[in-house]
Amino acid sequence: MSGMLDRPLILTPDGLRLVAVHQKVVETIEGWVERGSRSREAGGILIGSHRGDHVEVTDCTVPMRRDARTRTLFDRVDGGHQDAAIRAWRSSGGTDTYVGEWHTHPEAHPSPSLLDRWTWGRIMRRSREPLVFAIGGWDSCWWGLGVDARVRAMRMLSSGSDGAGRCLGAI
Ligand SMILES: [Zn+2]
């Protein structure tokens, strides 16, 4: 079942640091991408573990009741996301924790908005660890790694699925 590193998506910003994203997380992000004039953005936090310079993303939260969702904005307001991170920390004995953020955009090939960059900058100031940032789109996903207050786009080294998924580390 879950918990196995079953053909993860492998990403890197520089060929040195590696980010492994479990298929379940990729599929969840893909599943929340909406189309159409009444579409709303979705999002949540990424949960996983830091392993030296590397990050393993094993789980994520999905939109909750109090989150703000519009066509062009997802604001993670609901305290349930943080609760999920705390639960993961406790149940894993202190290895699994918050490792980043994801949200969707109503566009084919998403890239970070100025607001995204600004929001991520604020988040990174509160973390000493590298953080993963993902944006799901209709035809591809954007993945970045935030290190030392800078988010760098990542490229894919190995896809988790057989190419069927959209979130295969755009670029
Ligand atoms: Zn955005």
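- If you check an unreviewed UniProt entry, the protein appears there as JAB domain-containing protein from Methylobacterium isbiliense.

1. Overview of the overall build of the protein
So, step 1. Of regular secondary structure, the protein possesses three helices and 11 strands.
So, step 2. Ordered by position from the N terminus, the helices and strands of the protein form the series β-β-α-β-β-β-β-α-β-α-β-β-β-β.
So, step 3. Here the C-alpha atoms of the protein give a radius of gyration of 15 Å, agreeing with the 16 Å that 2.2 N^0.38 yields for 171 residues.
So, step 4. Each principal axis of the C-alpha distribution contributes one length, and for the protein these read about 40 × 35 × 35 Å.
So, step 5. Counting only residues that meet the buried cut, the protein has 47% of its 171 residues in that class.
So, step 6. Summarising the internal contacts of the protein: among those between residues at least 6 apart in sequence, 63% fall at separations of at least 24.
So, step 7. Accessible surface for the protein amounts to roughly 9200 Å². Of this, 49% is attributable to carbon and sulfur atoms.
So, step 8. Looking at charge distribution, the protein has the averaged site of its 23 positive side-chain charges lying 4 Å from that of its 21 negative ones.

2. Some words on the pattern of salt bridges
So, step 1. Evaluated as defined, the whole model comprises seven salt bridges.
So, step 2. Here glutamate 34 makes a salt bridge to arginine 69, at a shortest N to O gap of 3.2 Å. Taken as a pair, glutamate 34 in the loop between α1 (23-31) and β3 (43-51) and arginine 69 in strand β5 (residues 68-70) lie far apart in primary sequence, 35 residues in all.
So, step 3. A relative accessible area of 26% means that glutamate 34 is categorised as partly exposed.

3. Digging into the coordination of the zinc ion
So, step 1. Every protein donor of the zinc ion is listed here as His103 (NE2), His105 (NE2), Asp116 (OD) and Asp116 (OD), and their distances to the metal cover 2.0 to 2.5 Å.
So, step 2. For the zinc ion, the four donor atoms in the first shell make angles of 57 to 158° at the metal, so the coordination geometry reads as irregular.
So, step 3. Sequence spacing of the donor residues for the zinc ion, all on one chain, is H-x1-H-x10-D. One end of the pair, histidine 105, is in the loop between β7 (97-104) and α3 (114-124); the other, aspartate 116, is in helix α3, with 11 residues separating them in the sequence.
So, step 4. Note on histidine 105: relative accessible area 9%, which makes it buried.

4. A few points about the UniProt feature "domain: JAB" (unreviewed entry) in the protein
So, step 1. UniProt feature "domain: JAB" (unreviewed entry): in the numbering of this structure it lies at residues 38-135.
So, step 2. The span residues 38-135 shows a helical share of 23% and a strand share of 36%, and its end C-alpha atoms are spaced 19 Å apart.

5. Observations regarding the layout of surface pockets
So, step 1. Approximately 480 Å³ is the volume found for the largest pocket.
So, step 2. The greatest single-element share of the lining of the largest pocket, amounting to seven residues, is contributed by α3.
So, step 3. The residue inventory of the lining of the largest pocket, partitioned by class, reads eight nonpolar, six polar and seven charged.
So, step 4. Taken as a whole, the second largest pocket encloses approximately 340 Å³ of empty space.

6. A word on the pairing of strand β4 (residues 54-60)
So, step 1. Examined bridge by bridge, strand β2 (residues 19-21) and β4 share three bridges and lie parallel to one another. By the bridge assignment for β4, alanine 20 is matched with glutamate 56.
So, step 2. Alignment of β3 against β4, held across six bridges, turns out to be antiparallel. Note that in β4 the partner of leucine 46 across the bridge is cysteine 60.

About the thresholds
Residues numbered from 1 in each chain as written. Predicted model: local features only at pLDDT ≥ 70, side-chain atom pairs only at ≥ 80, totals over all residues. Heavy atoms only, no water. Helix = DSSP H or I, 4+ residues; strand = E, 2+ residues; numbered from the N terminus. Rg over C-alpha atoms; globule rule 2.2 N^0.38 Å. Buried < 20%, exposed > 50% of the residue type's maximum accessible area, 1.4 Å probe, protein only. Contact = heavy atoms within 4.5 Å. Areas by Shrake-Rupley, 256 points an atom, 1.4 Å probe, with all protein chains shown as cover. Lys, Arg positive; Asp, Glu negative; His and termini not counted. Charge placed at Lys NZ, Arg CZ, Asp CG, Glu CD. Salt bridge = Lys/Arg side-chain N within 4 Å of Asp/Glu carboxyl O. Donors = N, O, S within 2.8 Å, 3.2 Å for Na, K, Ca; no water. Tetrahedral: all angles 85-135°; square planar, octahedral: opposite > 155°, others 65-115°. UniProt positions renumbered as here; feature names shortened; annotations may be inferred. 1 Å grid on protein atoms, 1.4 Å probe; cavity = no way out; pocket = protein on both sides within 12 Å on 5 of 7 lines; lining within 4 Å. Points joined across faces, edges and corners; volume = space filled by probe spheres on them. Nonpolar A, V, L, I, M, F, W, Y, C, P; charged D, E, K, R; others polar. Pairing = 2+ DSSP bridges.

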